[in-house]
Amino acid sequence: MTDARNDVDVTTERTDAARNRARLLEAAARLVAERGAEHVTMHEVAEAAGVGKGTLFRRFGDRDGLLPALHGEAEAEFHEAFTSGPPPLGPGAPARDRLAASGSVLIERIATDADLGAALGRQVLHERRHASDTGRAFHHHVSALLRVAGVDGDHDMLAHALLAFVDFEMADYLHKECEVPVARLQASWVDLVRRVTRADGQCPASRVVDDGEGPRHDVDRDAFDQGALVREAPVDGSQADL
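Residues numbered from 1 in each chain as written. Predicted model: local features only at pLDDT ≥ 70, side-chain atom pairs only at ≥ 80, totals over all residues. Heavy atoms only, no water.

Structural notes on unusual backbone geometry
Here's step 1: Residue P88 is bonded to the preceding P87 through a cis peptide linkage, with omega at 10°.
Here's step 2: Tracing the sequence through the fold places P88 in the loop between α5 (76-84) and α6 (95-110).
Here's step 3: Backbone geometry places E179, a non-glycine residue, at a positive phi of 60°. (Helix = DSSP H or I, 4+ residues; strand = E, 2+ residues; numbered from the N terminus.)

The following block contains the structure:
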């Protein structure tokens, strides 16, 4: 009898905890949408959710613990879109097209002031954002698409390099400070994907080797000397450096 009663108590406690978590996240999302994440305090979230501050702090620790959880909830729709939604973002399109679509959608979202996920992402500490379930899932998605697209090299590192272009700090700097239009950012992303995946069918004069310290590119010097690595002329017509 005692064990049965304890099981009921534990189940009730878990149900209450789940209910409180949902109420806190819902209240936080509503306040962030109304005021912006930078203007919302833990006290206001607890008050709006109708729970004590102690409950909020026990569940999330502090503001830096609440924001990643809230960001994850806000990103759930995007995650579903690129994992199981219709093409070209979701399955059914070539890996290269899915990469192009993923970055283009992300750039559009970052540039949209009303996007809750983007607003929250800016408030999450950089290291927490990348280490979060949301950050790791999208990095894995990009890395997997590079692999499926047949790209040679260290897919995880290449994914980090690609995603640096659509990081909040970089995208905000280019769009807001440098006044680069969204369409140009998206075109640049698509061009970057095309070059990384060699959509033009051209193979660089290098090969991937692994000498025990991880995969790396080794340049074919004979091809280099014969001019197989062609310099691209910059827009201004000046001499380009390799």
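Here we look at the packing of aromatic side chains
Here's step 1: With the rule as written, the count across this model stands at three aromatic pairs.
Here's step 2: Ring geometry for F78 versus F138: centroids 5.6 Å apart, planes at 45°, classification tilted. Here F78, found in helix α5, pairs with F138, found in helix α9 (residues 133-148); they are 60 residues apart in sequence, far enough to count as distant.
Here's step 3: Look at F138 and you get buried, because its relative accessible area is 11%. (Phe/Tyr/Trp six-rings, centres within 6.5 Å; stacked < 30°, edge-to-face > 60°. Buried < 20%, exposed > 50% of the residue type's maximum accessible area, 1.4 Å probe, protein only.)

Considering the confidence of the model for the protein
Here's step 1: The predicted model of the protein averages 80 in pLDDT, with 76% of residues at 70 or higher.
Here's step 2: Of the regions scoring below 50 in pLDDT, residues 201-209 engages in 23 contacts with residues more than four places distant in sequence or in other chains.
Here's step 3: Counting contacts from residues 215-242, a segment whose pLDDT is below 50, to residues more than four positions away or on other chains yields 35 contacts. (pLDDT = per-residue confidence, 0-100. Contact = heavy atoms within 4.5 Å.)

Considerations on the packing of helix α2 (residues 42-49) against helix α3 (residues 53-60)
Here's step 1: Two elements in contact, α2 and α3, have axes whose closest approach is 9 Å; the angle formed by their N-to-C orientations is 115°. Judged on the interaxial angle alone, α3 and α2 are roughly perpendicular. Considering only the axes of α2 and α3, their crossing is right-handed. Where α2 approaches α3, its residues M42, H43, V45 and A46 are matched on the opposing element by K53, L56 and F57.
Here's step 2: Partitioned by chemical class, the residues of the contact of α2 with α3 number five nonpolar, one polar and one charged. (Axes fitted to C-alpha atoms, helices over the stretch in contact; angles between N-to-C directions. Parallel < 35°, antiparallel > 145°, perpendicular 65-115°, else oblique. Left-handed = near helix turned anticlockwise from the far one by under 90°. Nonpolar A, V, L, I, M, F, W, Y, C, P; charged D, E, K, R; others polar.)

Some thoughts on α2
Here's step 1: Buried within α2 we find M42, V45, A46 and A49. Projection of α2 onto a plane perpendicular to its axis shows the buried side chains occupying an angular sector of 95°, all on one side.
Here's step 2: Just downstream of α2, G50 is the residue with a positive phi angle, here 75°. (Arc of directions from axis to C-beta.)

A short note on the packing of helix α7 (residues 116-123) against helix α11 (residues 168-177)
Here's step 1: It is at 10 Å that the axes of α7 and α11 come closest, and there the two elements cross at 110°. By the angle between their axes, α7 is roughly perpendicular relative to α11. Residues G117, A118, G121 and R122 of α7 touch α11, and the partners they reach there are F168, D172 and K176.
Here's step 2: The residue makeup of the contact of α7 with α11, split by class, is two nonpolar, two polar and three charged.

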